[in-house]
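# Residue-level structural notes
For reference, the chains in residue letters:
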Amino acid sequence: MVDLYGLRGRVVIDKGAAGRDPKTLVERAADLKAKEDEEARKERFDSWESVWAVTDVDDFSMFAAQQLAKQEAVSLAVSNPCFEVWLIDHVIVCPESCAETKACEKKAQELGVTCSRGKKSKSLEKSKAIGFPITKERVVKALQNAQGHNSDRKRQVRFHSVDQASKYSVWTDVPSIVDCLRASAQE
């Protein structure tokens, strides 16, 4: 998406804590933010506009991650149960039947929004590669589709009772990241 909005060189993506628990992701983001803020003060340049930690709920506790994110001024983007919710939204409104990770991963693979990384592997564990080109038109559709499952009721649970994941599944905060990228592209 960085390239879609002409932001190459203006957006830093760090995968140093990829695959870790949400709190570790927030810690990593906070550390990077602190280093950038310190360097910006020393060298007298503007620090980053925003810092995001992007995570799945899977089977993790989210409370500590959300508390730390607030404390450290890091935005936390949660997909529940997994990131595939956002990918499915590029094609259809992610259905409520995708409230469990395995069901969501299976649906994503069926729709062709994820594909196997290994040539002969069809396992869900290997299906983390995005299986389609991301275009502005598809992103707009995904934003619209996310509204179909990101209800006000779920939003209240997501932001006030984050560890009650079953009460706000199917959900994704990725539209907030897209809004941030689009705003930066217009500056």
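The sections below set out a description of the structure shown in this document. These figures come from a predicted structure and were not determined experimentally.

Alignment of strand 1 (residues 52-56) against strand 2 (residues 75-80), held across five bridges, turns out to be parallel. Pairing of valine 54 across the sheet is with alanine 77, part of strand 2. This β-α-β element, strand 1 to helix 2 (residues 63-72) to strand 2, shows right-handed connectivity.

Right, let's get into helix 7 (residues 174-185). Compared with the 16 Å implied by 1.5 Å per residue over 12 residues, the 17 Å span of helix 7 between its first and last C-alpha is a close match. Of all the residues in helix 7, the buried ones are Val174, Pro175, Ile177, Val178, Leu181 and Ser184. Check the buried side of helix 7 and you find it contacts strand 1, strand 2, helix 3 (84-89), helix 5 (136-147) and strand 5 (171-172).

Ring pairs (aromatic) are described by centroid distance and by the angle formed between their planes. Within the structure shown, the criterion is met by one aromatic pair. Ring centres of phenylalanine 159 and tryptophan 171 lie 6.5 Å apart, and the angle between their planes is 80°; this geometry places the pair in the edge-to-face category. Pair noted here: phenylalanine 159 is in helix 6 (residues 152-160) and tryptophan 171 is in strand 5, with a separation of 12 residues, a long-range link. In this structure phenylalanine 159 comes out as partly exposed when scored by relative accessible area, which is 37%. Its relative accessible area of 1% is what places tryptophan 171 among the buried residues.

The next point concerns helix 4 (residues 101-111). The set of residues buried in helix 4 consists of Thr101, Cys104, Glu105 and Ala108. Around the axis of helix 4, the buried residues are gathered within 100° of arc, so they sit on the same side. Exposed positions of helix 4 whose direction lies more than 90 degrees from the buried face are Lys102 and Glu110. Along its buried surface, helix 4 packs onto helix 3 and strand 3 (114-115). Residue glycine 112 follows helix 4 closely and has a positive phi angle near 80°.

What follows is about the nonpolar core. Counting 23 residues, the largest nonpolar core has Trp86, Ile88, Cys94, Cys104 and Val178 as the members making the most contacts within it. Excluding residues that lie within four positions of it along the chain, valine 178 makes contacts with Met1, Tyr5, Trp86, Val139 and Leu143. Judged by nonpolar contacts, the second largest core, of 20 residues, contains Ala17, Ala30, Ala53 and Trp171.

What follows concerns the sheet that holds strand 1. Strands pair in a sheet through their backbones, by hydrogen bonds, and they do so in one of two ways: parallel or antiparallel. Read across the sheet, three strands follow the order 1-2-5 without closing on themselves; strand pairing throughout is mixed. With one partner strand each, in any of the chains shown, strand 1 and strand 5 form the two edges of the open sheet.

Another aspect to go through is the side chain of serine 169. Relative to the helices and strands, serine 169 is located in the loop between helix 6 and strand 5. Among the polar contacts listed, one links the side chain of serine 169 to the backbone oxygen of alanine 99, at a separation of 3.0 Å. Dropping the residues within four chain positions of it, serine 169 is found in contact with Asn80, Pro81, Glu96, Cys98, Ala99 and Lys154.

What follows concerns the pattern of salt bridges. Summed over all chains, the structure comprises eight salt bridges. With its nearest N and O atoms 2.7 Å apart, the salt bridge here joins aspartate 3 to arginine 8. Since its relative accessible area comes to 47%, aspartate 3 is described here as partly exposed. We note a salt bridge from glutamate 96 to lysine 154, for which the minimum N-O separation is 2.7 Å. In this pair, glutamate 96 is assigned in the loop between helix 3 and helix 4 and lysine 154 in helix 6, connecting sequence segments 58 residues apart. The class of lysine 154 is buried, set by a relative accessible area of 3%.

Reading the values: the criteria
- Along each chain, residues carry numbers from 1 onward, in the same order as the chain's sequence is written.
- It should be noted that, the model being predicted, local features are given only for residues of pLDDT at least 70 and side-chain atom pairs only at 80 or more, the latter also being counted only at that level, while totals for whole chains, interfaces and linings use all residues.
- Calculated side-chain values reflect all of the structure's heavy atoms, with hydrogen atoms and water omitted.
- Here, a strand pair is defined by DSSP locating no fewer than two bridges between the strands.
- Put simply, DSSP marks the helices as runs of H or I at least four residues long and the strands as runs of E at least two long, and each gets a number from the N terminus on.
- A crossover gets the label right-handed when its path from the first strand over the helix to the second runs clockwise, viewed with the strands pointing away from the viewer.
- Expected span of a helix, by definition, is 1.5 Å for each gap between consecutive residues, and there is one gap fewer than residues.
- Between buried and exposed lies partly exposed: a residue is buried under 20% and exposed over 50% of the maximum accessible area for its type, with that area taken using a 1.4 Å probe on protein chains only.
- Here a residue-residue contact requires only that any non-hydrogen atoms of the pair lie within 4.5 Å.
- Pairing of aromatic side chains requires ring centres within 6.5 Å, counting the rings of Phe and Tyr and the six-membered ring of Trp. Pairs whose planes differ by under 30 degrees are stacked, by over 60 edge-to-face, and all others tilted.
- Directions from the helix axis toward the C-beta atoms define the arc.
- Working definition of a nonpolar core: buried Ala, Val, Leu, Ile, Met, Phe, Trp, Tyr and Cys residues. They are joined through side-chain atoms within 4.5 Å.
- Residues adjacent in sequence count toward polar contacts only when both atoms are side-chain atoms; beyond that, a polar contact is any pair of N or O atoms within 3.5 Å, and within protein one must be able to donate a hydrogen and the other to accept it.
- Basic side-chain nitrogens of Lys or Arg form a salt bridge, by our definition, when they fall within 4 Å of a carboxyl oxygen of Asp or Glu.

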